[in-house]
Amino acid sequence: MPTDTALLRQAVQLAHDNRAQGGRPFGAVLARGGEVIATGVNEIVHSHDPSAHAEMQALRAATRALARPSLAGCAIYASGHPCPMCLAALVMAGAERVFYAFDNHDAAPYGLSSEGAYQRLRMPLDPPPLPIARLDTGITPAQLYGDAPWPAAHGA
């Protein structure tokens, strides 16, 4: 069974691959008991849909695969800290945990932070609406969001 870190690395790899294809550098993996149910990448650029975030795409695919609107027993592994829309959808669907690789501070220098949306909506993250944990994947923000070379061990 894959570890939480391995599932999060998969999400980060999806984000990297999406960026390489002209999309935004965000990926998500939705799993239950270590089994991947669905994945998603940020499709805003290609779909012109502002709700097509990686977590939303994974949530949509997972609920179709499960044939139910509930994500009870599921965890999401997101390359970046979920924005307010994604976090609200995960709470409403009953997801149990969120793991992420990069926070808004990491994403801010690249213009990819959702901290401003949290502030405009007056949504504090303390306490979080569900368990949220940051895990180290061995990838730096500059490797995913910037121009630093991608490590060979993580794929091309």
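Structural data are supplied above this passage.
In this convention, every chain numbers its residues from 1, walking through the sequence in written order. Note on the predicted model: pLDDT of at least 70 is required for a residue's local features to be given, and 80 or more for side-chain atom pairs to be given and counted; whole-chain, interface and lining totals, by contrast, use all residues. Hydrogens and water molecules were not included; the side-chain quantities draw on all heavy atoms of the structure.

**So, the overall build of the protein chain**
Elements are defined by DSSP. Helices are runs of H or I of four residues or more, strands are runs of E of two residues or more, and each kind is numbered from the N terminus. Summing up its helical and strand segments, the protein chain has 7 helices and 5 strands in all. In this description the radius of gyration comes from C-alpha coordinates, and the expected globular size is given by 2.2 Å times residues to the power 0.38. Its C-alpha atoms give the protein chain a radius of gyration of 14 Å, near enough to 15 Å, the size a compact globule of 156 residues would have. With the principal axes as the frame, the protein chain shows a C-alpha extent of 40 × 40 × 30 Å. Only protein chains enter the accessibility calculation, which uses a 1.4 Å probe; a residue whose area is less than 20% of its type maximum is buried, one above 50% is exposed, and one in between is partly exposed. Expressed as a percentage of its 156 residues, the buried residues of the protein chain come to 46%. In this analysis, two residues are considered to be in contact whenever any of their non-hydrogen atoms come within 4.5 Å of each other. Considering only contacts within the protein chain whose residues lie at least 6 apart along the sequence, 61% involve residues at least 24 apart. Every accessible area reported is derived by Shrake-Rupley at a probe size of 1.4 Å, with residue values counting cover from the shown protein chains alone. Accessible surface, the protein chain as shown: approximately 7,600 Å² in total, 55% of it carbon and sulfur. Working convention for charge: Lys and Arg count positive, Asp and Glu count negative, and His plus the chain ends are omitted. Every charge is mapped onto a representative atom, which is NZ of Lys, CZ of Arg, CG of Asp or CD of Glu. When the 11 positive and 13 negative side-chain charges of the protein chain are each reduced to one mean point, those points stand 5 Å apart.

**What to know about unusual backbone geometry**
With omega at 0 degrees, the peptide bond leading from Asp 126 into Pro 127 counts as cis. Relative to the helices and strands, Pro 127 is located in the loop between helix H6 (115-120) and strand E5 (132-134). Here the phi dihedral of His 48 falls at roughly 65 degrees; this positive angle occurs in a residue that is not glycine. Note that His 48 resides in the loop between helix H2 (44-47) and helix H3 (54-66). In this structure, Ala 67 takes a positive phi of about 55 degrees despite not being glycine. Under the relative-accessibility criterion, Ala 67 is labelled exposed at 69%.

**Things to note about the packing of aromatic side chains**
Only Phe, Tyr and Trp rings take part, Trp by its six-membered ring, and two of them pair if their centres are within 6.5 Å. Stacked means planes under 30 degrees apart, edge-to-face means over 60, and tilted covers everything else. Taken as a whole and assessed by the stated rule, the structure comprises 4 aromatic pairs. On the numbers, 6.1 Å between centres and 50 degrees between planes, the contact of Phe 26 with Tyr 145 is tilted. Taken together, the residues span a long stretch of sequence, with Phe 26 in the loop between helix H1 (4-20) and strand E1 (27-32) and Tyr 145 in the segment after helix H7 (141-144) at a distance of 119 residues. On the basis of relative accessible area, Tyr 145 is assigned to the buried category, the value being 5%. Seen from their ring centres, Tyr 110 and Tyr 145 are 5.6 Å apart, and the 45 degrees between their planes marks the pair as tilted. In this pair, Tyr 110 sits in the loop between helix H5 (104-107) and H6 while Tyr 145 sits in the segment after H7, placing the two residues 35 residues apart along the sequence.

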